[in-house]
Amino acid sequence: MKFQVPRGTRDILPPDSERWAAIETQARTILGSYGYREVRTPIFESTDLFVRSVGESTDIVRKELYTFDDRKGRSLTLRPEGTAPLVRAYLESAGLRQENPGRLFYLGPMFRYERPQAGRYRQFWQIGAELLGAAEPAADAEMIDLFVAILRAVGLPTVKVLVNSLGDDACRPVYRDRVRAYFEGHVDRLCTDCRERLTTNPLRILDCKVPACQPLVADAPGVLDSLCDACRDHFAAVQAALRALGIDVDVAPRLVRGLDYYTRTVFEVHVATLGAQNAVGGGGRYDKLVGEFGGPDAPSIGFSIGMDRLVMATGKPLPAGGPPEPDVYVVARAPGAAVEALAVARALRGVGGPGAATPLRVMADVQARSASSQMKVASRAGAKRVVFVPPDGDGYAVRDMIGGNDEMKQPDLDALRAWLRARRAGSTEVA
Ligand code: HAM
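Figured I'd write up the structure that's included with this text. (Residues numbered from 1 in each chain as written. Predicted model: local features only at pLDDT ≥ 70, side-chain atom pairs only at ≥ 80, totals over all residues. Heavy atoms only, no water.)

1. Some remarks on helix α15 (residues 413-424)
Then, number 1: The terminal C-alpha atoms of α15 lie 16 Å apart, and with 12 residues this matches the ideal 16 Å at 1.5 Å per residue to within 8%.
Then, number 2: Buried within α15 are the following residues: L416, W419, L420 and R424. Down the axis, α15 shows its buried residues gathered within 135 degrees of arc, on one side only.
Then, number 3: Where the residues of α15 are buried, they touch β12 (328-332), α13 (338-349), β14 (385-389), β15 (396-400) and β16 (405-410).
Then, number 4: The distance from a side-chain oxygen at the start of α15 to the backbone nitrogen of D414 is 3.3 Å, and the residue carrying that oxygen is D412. (Helix = DSSP H or I, 4+ residues; strand = E, 2+ residues; numbered from the N terminus. Expected span 1.5 Å × (residues − 1). Buried < 20%, exposed > 50% of the residue type's maximum accessible area, 1.4 Å probe, protein only. Arc of directions from axis to C-beta. Contact = heavy atoms within 4.5 Å. Polar contact = N/O pair within 3.5 Å; in protein donor to acceptor, adjacent residues only side chain to side chain.)

2. Here's the deal with a nonpolar patch on the surface
Then, number 1: On the surface, I43, F44 and F68 cluster together to form a nonpolar patch covering roughly 250 Å² of accessible area.
Then, number 2: Among the structural elements, I43 can be located in the loop between β1 (37-38) and β2 (44-46).
Then, number 3: The class of I43 is partly exposed, set by a relative accessible area of 36%. (Patch = residues over 30% accessible without salt bridge, like charges linked within 9 Å, V, L, I, M, F, W, Y side chains within 5 Å. Areas by Shrake-Rupley, 256 points an atom, 1.4 Å probe, with all protein chains shown as cover. Salt bridge = Lys/Arg side-chain N within 4 Å of Asp/Glu carboxyl O.)

3. Thoughts on the sheet that holds β2
Then, number 1: Spatially, β2-β4-β3 is the arrangement adopted by the 3 strands of the open sheet, whose pairing is antiparallel. The open sheet has two edge strands, β2 and β3 (66-69), and neither has a second partner. Going from strand to strand, the sheet's axes swing by 35 degrees on average, the running direction of each strand aside.
Then, number 2: As judged from the 3 bridges shared by β2 and strand β4 (residues 75-78), these two strands associate in the antiparallel manner. What sits directly across from S46, in β4, is L76.
Then, number 3: Of the strands in this sheet, β2, β3 and β4 are in contact with helix α2 (residues 47-54), which crosses β2 at around 80 degrees. (Pairing = 2+ DSSP bridges. Axes fitted to C-alpha atoms, helices over the stretch in contact; angles between N-to-C directions.)

4. Topic: the site of the ligand
Then, number 1: Around the ligand, 26 residues are found, and the nearest of them are E81, E114, Y121, R257 and Y262.
Then, number 2: With respect to the ligand, the backbone of A279 contributes an N or O atom lying 3.2 Å from an oxygen atom.
Then, number 3: A distance of 3.4 Å separates an oxygen atom of the ligand from a polar atom in the backbone of G281.
Then, number 4: Protein chains bury 95% of the 660 Å² of accessible surface belonging to the ligand in isolation.
Then, number 5: Of all the secondary-structure elements, those providing two or more residues to the shell around the ligand are β6 (123-132), β10 (279-285) and β11 (300-306). (Near = heavy atom within 4 Å.)

5. With respect to unusual backbone geometry
The phi angle of most residues is negative, glycine excepted, and most peptide bonds adopt the trans form.
Then, number 1: Going from P14 to P15, the amide bond is cis rather than trans, its omega being 5 degrees.
Then, number 2: Topologically, P15 is positioned in the segment before α1 (16-33).
Then, number 3: Of note, the phi angle at R257 is positive, near 65 degrees, even though the residue is not glycine.
Then, number 4: Secondary-structure assignment places R257 in the loop between β8 (249-251) and β9 (265-270).
Then, number 5: Overall, R257 belongs to the buried group, its relative accessible area being 11%.
Then, number 6: For A368, which is not a glycine, the phi torsion comes out positive at approximately 50 degrees.
Then, number 7: Along the chain, A368 turns up in the loop between β13 (362-364) and α14 (371-380).

6. Brief notes about the packing of aromatic side chains
Then, number 1: Evaluated as defined, the whole model comprises 8 aromatic pairs.
Then, number 2: With a centroid separation of 4.8 Å and 75 degrees between ring planes, the pair formed by Y182 and F183 is classed as edge-to-face. Across this residue pair, the class does not change: Y182 and F183 are buried.
Then, number 3: Pairing Y261 with Y262 gives two aromatic rings, centres 4.9 Å apart and planes at 70 degrees, and the pair type is edge-to-face. Grouping residues by exposure puts Y261 and Y262 together as buried.
Then, number 4: Joined through ring pairs, the aromatic side chains of F147, F267 and F303 make up one cluster. (Phe/Tyr/Trp six-rings, centres within 6.5 Å; stacked < 30°, edge-to-face > 60°.)

7. Here's the deal with the nonpolar core
Then, number 1: Core analysis: the biggest nonpolar cluster contains 51 residues, and L132, F183, L190 and L206 have the highest contact counts within it.
Then, number 2: With 5 residues, helix α4 (residues 83-92) is the single largest residue contributor to this core.
Then, number 3: Excluding residues within four positions of it along the chain, L206 makes contact with Y175, V179, F183, V217, A220, R254 and V256. (Core = buried A, V, L, I, M, F, W, Y, C linked by side-chain atoms within 4.5 Å.)

8. With respect to the environment of F147
Then, number 1: Looking at the secondary structure, you find F147 in helix α6 (residues 137-153).
Then, number 2: Residue classification places F147 among the buried positions, given a relative accessible area of 0%.
Then, number 3: Spatially, the C-alpha atom of F147 lies 13 Å from that of T29, the residues being 118 residues apart in sequence.
Then, number 4: Once you skip the residues sitting within four places of it in the chain, F147 turns out to touch F267, V269, V280, G281, G282, F303, S304 and I305.

9. Structural notes on the state of the cysteines
Then, number 1: A full pass over the atoms with the stated rule returns 0 disulfides.
Then, number 2: Of the cysteine sulfurs around C194, a residue in no disulfide, the closest is that of C208, at 3.6 Å.
Then, number 3: Residue C194 is classed as buried on the basis of its relative accessible area of 0%.
Then, number 4: Among the cysteines around C231, which has no disulfide bond, C228 carries the closest sulfur, lying 3.7 Å off. (Disulfide = S-S within 2.5 Å.)

So yeah, pure geometry; function would need other evidence.
Right under this line is the structure:
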């Protein structure tokens, strides 16, 4: 029987996995420099958590959830996004709640049953940040600045930031009614889903991806004339703050995004190189969600960056390469020395001790190869040095594989370690 990776998912193989890890490290560094700390939540949660936050009438909840009953009949769902789980975790932890505001981030796989295409997968990765308990426009500005800083750190300086305001409980109903009235006038041109949305949640029509609905959406009323004074002032202050930070934004008055928890500011970041799926990420304010989850009144804002798209946007796939070269390959000169070779390899990795920037990369044979085929393996792998483990405890010979000459034989392991350490000093070693 032959198995295949499930539809809409893929394996991230080396060297791509190494590029992913490097990008994750850069993102973590920036998040840390802004004072954000990581939260790891489970990849499944109770289904209600998503239904009540993302929203019953969204595509995510209606069509895209991976939902199952566990053995006790509890309905669980693989997380389609990270905000609702993070808010749940925040409310469950007295320690986190004390931080005011809470600055948190997460990184991990999300699951949506979507039609797979370039840049859209059923398992995809997000890096998300959330700023909990800050209502002021400066919080919105920090979030967008942080988003852009992450993109800059991974080598994407030119991006397009779209911003909009969805209003609040006072003014959104006014806008919703205007949008409903507009689409009611064109009901015969709407797709079947959008006809249903007219009654359930007309703002969702603005987010419809069906091509036939696009011309209608493009002419739909924008939100800005419907905003109440408080929301209008907030939005103006956010834009002024972004200008002061030197971040260019485009106002997109029909941007609603695909989740129902948003209030006021929403934003999306686009990268031209991504083509049709060009939103590398997005986010917005959710001033009511923490309260709706039974918490205190804690206006909040956050974003998620799609890792898959981020990696795509940062450049061409690397050519398939072999594993990185070992610093040392330990060759057992006789079958009886194989286990000692493993022990020597382990000891040499630690050269430099705990202060070393990175341990040496050291490999040894685990396939009972002859000494001469081990040498061939070492040379094919591009090992810089070979250390020979003799069968008789007669010291360790060393060969410099780059220069092709033998180096001074070391009488014991301590001497060998000291000798290697001295050669490493001044290169990568710190202590
Ligand atoms: P979202 O717009 O649903 O927002 O997702 C954010 C990003 O995740 C998208 O812009 C995209 O890059 C990536 N993404 C979404 N679905 C897929 C997919 N099927 N395949 C590949 N990438 C995908 C949220 O998830 C909100 N939680 C953002 C947020 C955080 N709002 C406030 N805080």
